[in-house]
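Residue strings, one per chain:
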Amino acid sequence: TEMKHRVFRYYLPQWLSILGKFHKNLNYVDGFGGLGAYHTDEDVKSGKCLSKNFGSPIISMLSILDLEQKGKVEKANVLVLDKNTEYIRNVEIIVDYLKIKTNGFISLKQGNFDEEINQFLDQIGVGNRKLAPTFFLIDPFGIADIRLETIKRIMRLEKSEILLNFMYNCLQ
């Protein structure tokens, strides 16, 4: 998890900065948002209750906020999905606590990734609307909630990118 977040902290701001030069609107979709923060072994041993080890939803929002303040991104919308209602609520609590407010919308939604993304893509297809450049983080716990056909649909979107984290140790 820590290595994945290091890569993500480096890559997402680069992507946002580059696309932000050419597009006023950008999107970030986190398909498996999780809790929004996690405790390391050190946190547990020291008895820390408030972790600053943020997960991808919070890392992305803080990156967007930083780039907006620097004038590198005008507006980026955020959609965080997770099938676990408690996880979404926890992300909401962290966003409120940190007072994260970006120029775009922040939508935290409980739901199945595959169903929600396909519904989202169906809505975009109506009237041939074009989607702003979109970064999709797909980081499932296993592979049960994701179909290859959905990945293919996302890949057909112009100026969009997928960072797919596949944890092989979930397969048993």
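Each remark here, short or long, concerns the structure printed above.
Computed from a prediction, not measured in an experiment: that's the story for all the values here. Every chain is numbered independently, its residues counted from 1 as its sequence is written. Per-residue local features are limited, in this predicted model, to residues with pLDDT of at least 70; the limit for side-chain atom pairs, both in listing and counting, is 80 or more; totals at the level of whole chains, interfaces and linings are taken over all residues. As a rule here, side-chain values come from all non-hydrogen atoms in the structure, and water together with hydrogens is ignored.

Undergrad: Run through the pattern of salt bridges, naming residues and quoting values.
TA: Salt bridges are identified by distance alone: a Lys or Arg side-chain nitrogen within 4 Å of an Asp or Glu carboxyl oxygen. For the structure on display, the rule yields eight salt bridges. Across the salt bridge formed by K70 and D66, the nearest N and O atoms sit 3.1 Å from each other. Burial classification: accessible surface area is computed with a 1.4 Å probe over protein chains only, and a residue below 20% of its type maximum counts as buried, one above 50% as exposed, and the rest as partly exposed. The class for K70 is exposed, based on a relative accessible area of 54%. Judged by its relative accessible area of 31%, D66 falls in the partly exposed class. Close ionic contact of K109 with E116 constitutes a salt bridge, the shortest N to O distance being 2.9 Å. When salt bridges that share partners are traced, they join K130, E158 and K159 into one network.

Undergrad: Help me get a handle on the sheet that holds strand β3 (residues 106-110), residues and values and all.
TA: The pairing of strands in a sheet happens through backbone hydrogen bonds and is either parallel or antiparallel. Between any two strands, pairing holds if DSSP finds at least two bridges. Secondary structure elements are defined from DSSP: runs of H or I of at least 4 residues count as helices, runs of E of at least 2 residues count as strands, and each element is numbered from the N terminus. Here five strands make up an open sheet; going across it, the order is β3-β2-β1-β4-β5 and the pairing parallel. Unpaired on one side and paired on the other, β3 and β5 (161-164) mark the two borders of the sheet. Direction aside, neighbouring strands of the sheet carry axes that sit 15° apart on average. The pairing of strand β1 (residues 25-30) with strand β4 (residues 134-138) spans four bridges and is parallel. Counterpart to Y28 in the pairing with β4 is F135. This element, helix α4 (residues 85-98), spans β2 (75-82) and β3 of the sheet and lies at about 160° to β3. For helices, the fitted axis covers only the stretch in contact; all axes are lines through C-alpha atoms, and the angles between them, taken along N-to-C directions, range from 0 to 180 degrees. Note on contacts: a residue pair qualifies if any of its non-hydrogen atoms lie within 4.5 Å across the two residues.

By themselves these figures say nothing about function.
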